[in-house]
Amino acid sequence: MPADTLEKVVNFAKRRGFVFQSSEIYGGLSSCYDYGPLGVELKNNVKKAWWKAMVRERNDVVGLDSAILMHPKTWEASGHVEGFTDPLVDCKKCKKRWRADHLLEAKGIKPDFRPGEWDKSVTCPDCGGELTDVRKFNLMFKTFMGAVEDEASQIYLRPETCQGIYLNFLNVQQSMRLKLPFGVAQIGKAFRNEITPGHFTFRTREFEQMEQQYFVHPSEAKNTFAMWKEERMKWYQNLGIKKEKLRFREHQEKELAHYAKAAFDIEYDYPGMGFKELAGIHNRGDWDLSRHEEFSGQELKYFDQEKNAKYTPHIIETSDGADRAALAFLLDAYEEVEARSGKEDAKHEKEIILRLHKDLAPIKVAVLPLSKKEPLQKLSKEVRSGLRNTWMTQYDETGAIGKRYRRQDEIGTPYCVTIDFESLEDKQVTVRDRDTMEQERVEIGELKDYLDKKLGN
Ligand code: GAP
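These numbers come from a predicted model, not from an experiment.

(A) Summary view of the overall build of the chain. Along the chain, the regular secondary structure elements total 14 helices and 23 strands. Summarising its shape, the C-alpha atoms of the chain cover approximately 80 × 65 × 50 Å along the three principal directions. Within the chain, buried positions represent 50% of all 457 residues. The long-range share in the chain, meaning contacts at least 24 apart out of those at least 6 apart in sequence, stands at 64%. In the chain, which carries 73 positive and 76 negative side-chain charges, the distance between the mean positions of the two groups comes to 2 Å.

(B) Representation of the packing of helix H2 (residues 37-56) against helix H8 (residues 221-238). Here H2 crosses H8 at 145 degrees, and the two axes come no closer than 11 Å. Our pair here, H2 against H8, has a crossing hand that is right-handed. From H2, Val 46, Ala 49, Trp 50, Ala 53 and Met 54 reach across to H8, where they touch Trp 228, Arg 232 and Trp 235. Partitioned by chemical class, the residues of the contact of H2 with H8 number seven nonpolar, no polar and one charged.

(C) Layout of the sheet that holds strand S23 (residues 439-443). An order of S20-S19-S21-S22-S23 is seen for the five strands of this open sheet, with the pairing classed as mixed. Whereas interior strands pair on both sides, the edge strands pair on one side only; in this sheet they are strand S20 (393-395) and S23. The sheet shows a mean angle of 25 degrees between the axes of neighbouring strands, taken without regard to direction. Strand direction decides the pairing type here: strand S19 (residues 365-369) and strand S21 (residues 415-419), joined by five bridges, are parallel. Among the inter-strand pairings, Val 365 is bridged to a residue of S21, identified as Tyr 415. Sitting on the sheet, helix H12 (residues 401-411) is in contact with S19, S20, S21, strand S22 (428-433) and S23, with an inclination near 170 degrees to S19.

(D) Expanded view of the pattern of salt bridges. Across all of its chains, the model carries 39 salt bridges by this definition. Of the charged contacts, one joins Asp 320 and Arg 232 as a salt bridge, the two residues approaching to 3.2 Å between their closest N and O atoms. Here Asp 320, found in strand S16 (residues 314-321), pairs with Arg 232, found in helix H8; they are 88 residues apart in sequence, far enough to count as distant. No difference in accessibility class separates Asp 320 from Arg 232, as the two residues are buried. The shortest N-O distance in the salt bridge between Arg 249 and Glu 267 comes to 3.0 Å. Separated by 18 residues along the polypeptide, Arg 249 in strand S11 (residues 246-250) and Glu 267 in strand S12 (residues 262-270) bring together distant segments of the chain.

(E) Local environment of the site of the ligand. Neighbouring the ligand are 21 residues; Glu 160, Glu 194, Thr 204, Glu 211 and Glu 277 lie closest to it. Measuring from an oxygen atom of the ligand, one finds a backbone N or O atom of Leu 278 at 2.9 Å. Here the ligand loses 92% of its free accessible area of 560 Å² to cover by the protein chains. Where the shell around the ligand is concerned, the elements lending two or more residues are strand S10 (206-216), strand S13 (274-285) and S16. For the shell around the ligand, the element with the most residues is S13, which contributes six residues.

(F) Quick peek at H8. For H8, which comprises 18 residues, the first-to-last C-alpha distance of 25 Å matches the rise-based estimate of 26 Å (1.5 Å per residue) to within 8%. Downstream of H8 by a residue or two, Gly 240 has a phi angle that is positive, lying close to 100 degrees.

(G) The nonpolar core, seen in detail. Grouped together as the largest cluster of nonpolar side chains are 55 residues, with contacts concentrated most on Phe 18, Val 46, Trp 235, Tyr 236 and Phe 329. Elements with a minimum of two residues in this core: helix H1 (6-15), H2, S10, H8, S12, S13, helix H10 (322-333) and strand S18 (350-354). Ranked by residues supplied to this core, first place goes to H10 with nine residues. When near neighbours in sequence (up to four residues on either side) are disregarded, Phe 18 contacts Phe 12, Ala 13, Asp 34, Tyr 35, Gly 36, Leu 38, Gly 39, Leu 42, Leu 330, Leu 354, Pro 362 and Ile 411.

(H) Highlighting the environment of Phe 264. Mapped onto the elements of the fold, Phe 264 is located in strand S12. By relative accessible area, which is 13% here, Phe 264 ends up buried. Placed 15 residues apart in sequence, Phe 264 and Arg 249 show a C-alpha to C-alpha distance of 5.4 Å. Leave out the neighbours within four places in its chain, and Phe 264 touches Phe 225, Lys 229, Phe 248, Arg 249, Glu 250, Ala 279, Gly 280 and Ile 281.

(I) Broad picture of helix H11 (residues 374-388). Between its terminal C-alpha atoms H11 stretches 21 Å, which fits the 21 Å expected from 15 residues at 1.5 Å a residue. Check the buried side of H11 and you find it contacts S19, S20, S21, helix H13 (421-426) and helix H14 (447-455).

(J) Summary view of the sheet that holds S13. An order of S3-S9-S10-S16-S13-S12-S11 is seen for the seven strands of this open sheet, with the pairing classed as mixed. Each end of this open sheet is capped by a strand with a single partner; those strands are strand S3 (61-63) and S11. Along the sheet, successive strands turn relative to each other by an average axial angle of 25 degrees, direction set aside.

Rules used throughout
- Residues numbered from 1 in each chain as written.
- Predicted model: local features only at pLDDT ≥ 70, side-chain atom pairs only at ≥ 80, totals over all residues.
- Heavy atoms only, no water.
- Helix = DSSP H or I, 4+ residues; strand = E, 2+ residues; numbered from the N terminus.
- Buried < 20%, exposed > 50% of the residue type's maximum accessible area, 1.4 Å probe, protein only.
- Contact = heavy atoms within 4.5 Å.
- Lys, Arg positive; Asp, Glu negative; His and termini not counted.
- Charge placed at Lys NZ, Arg CZ, Asp CG, Glu CD.
- Axes fitted to C-alpha atoms, helices over the stretch in contact; angles between N-to-C directions.
- Left-handed = near helix turned anticlockwise from the far one by under 90°.
- Nonpolar A, V, L, I, M, F, W, Y, C, P; charged D, E, K, R; others polar.
- Pairing = 2+ DSSP bridges.
- Salt bridge = Lys/Arg side-chain N within 4 Å of Asp/Glu carboxyl O.
- Near = heavy atom within 4 Å.
- Polar contact = N/O pair within 3.5 Å; in protein donor to acceptor, adjacent residues only side chain to side chain.
- Areas by Shrake-Rupley, 256 points an atom, 1.4 Å probe, with all protein chains shown as cover.
- Expected span 1.5 Å × (residues − 1).
- Core = buried A, V, L, I, M, F, W, Y, C linked by side-chain atoms within 4.5 Å.

The structure is reproduced here in structure tokens:
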């Protein structure tokens with residue numbers, strides 16, 4: 001049975017060391033999360049898989065790691081100071097704050113905000129109190145740079161990573177002698193003072209994005225947009241997300257972000273939430289480079305030697321959330337089955353198996369000696385030493401073997417290597433497959449090659 005509620009996976013994630021509430025001992029910090037020992041491995045593997053597909057395996061995309069803090073004019077040029085806002089209303093009675101568009105949509109009213117024209121029939125959903133007029137709330141976090149805290153020293157924590165790519169467009173193009181079309185990819189933190197964060201790591205105020213900006217001749221934008229749409233969908237499917245749980249959703253004209261000419265979301269069917277955004281593919285046209293050219297006074301054009309022409313490239317953006325992707329992979333891999341192993345422990349009826357793709361599994365190989373006795377322990381530690389340089393491994397010698405298999409199934413470990421007393425004689429170990437539960441005897445000397453064929457590295 002798949003995860004039927006988000007709550008179930010939230011509890012599991014805490015119990016097995018994937019995700020913890022931030023600042024828990026102080027009562028928690030709302031909508032901020034910490035990744036535990038297994039969560040950090042999962043999220044790192046998500047980012048690694050993205051980098052592999054987007055940079056390492058492509059001839060036309062290079063990487064970048066730009067600073068979180070950027071010149072404040074960046075956000076004027078990008079349109080975020082003016083347009084990155086949510087419409088808010090406050091309850092005059094209980095003081096609770098609400099997203100005005102959400103309240104109207106819930107009543108079947110099309111959100112259309114004009115100053116002083118709030119529909120008085122829409123009241124506070126909690127206490128029925130009268131609501132204030134709508135005001136715009138900017139989602140960017142502000143801070144100050146340097147010793148003086150005044151307007152001149154005010155800067156922002158970036159609300160999206162892609163702006164660092166636009167500002168470095170010429171640096172990257174010229175230093176790497178790149179010809180159009182080419183892409184620039186980066187992974188990094190972004191911050192948004194979301195009004196309605198929630199649903200665990202789905203919407204948080206601090207999160208990580210994996211963004212790629214592909215620069216093309218304007219005539220190529222439409223085809224390139226279609227190409228990246230398919231590529232990004234394939235990436236999620238190739239890493240094991242069930243096809244029926246994914247779909248595209250095209251943005252209607254009125255919901256397009258201020259920079260976008262066209263946009264598709266890749267949506268995932270989250271338990272208890274239904275289909276919601278997982279990632280986006282955006283045709284940003286020449287908005288970003290033109291605006292930064294205007295605000296910086298620096299020409300940001302491409303000189304096409306073959307065409308002997310200078311022009312502003314168009315940008316096709318692929319934007320994925322590392323946290324949202326990790327959550328979708330976790331939810332999709334979570335499965336409860338009837339007890340299938342460890343008959344020596346009849347108490348449990350249900351087992352959890354995390355059927356994560358091998359590239360995403362936090363631990364790739366568990367080494368399990370059948371007994372804690374010295375000769376087995378010594379051999380098992382030698383076996384683990386031979387594997388740990390290549391893969392993330394775990395050593396576990398406590399509890400019955402069935403219980404130990406279950407512990408590994410629960411965290412998604414694709415292979416368990418068991419060392420028994422016969423191993424001392426025949427120099428062979430048993431390799432157990434998480435999904436099929438098949439067991440194979442493998443020569444210790446050939447174990448690395450055997451696992452290499454199964455796991456790659
Ligand atoms: N540069 C374009 C951009 O930022 P977006 O649709 O606002 O587009 C892209 O965000 C992706 O970033 C989303 O599809 C989602 O995966 C992730 N994301 C956005 N806001 C988030 C939040 N508050 N918490 C977690 N992930 C978020």
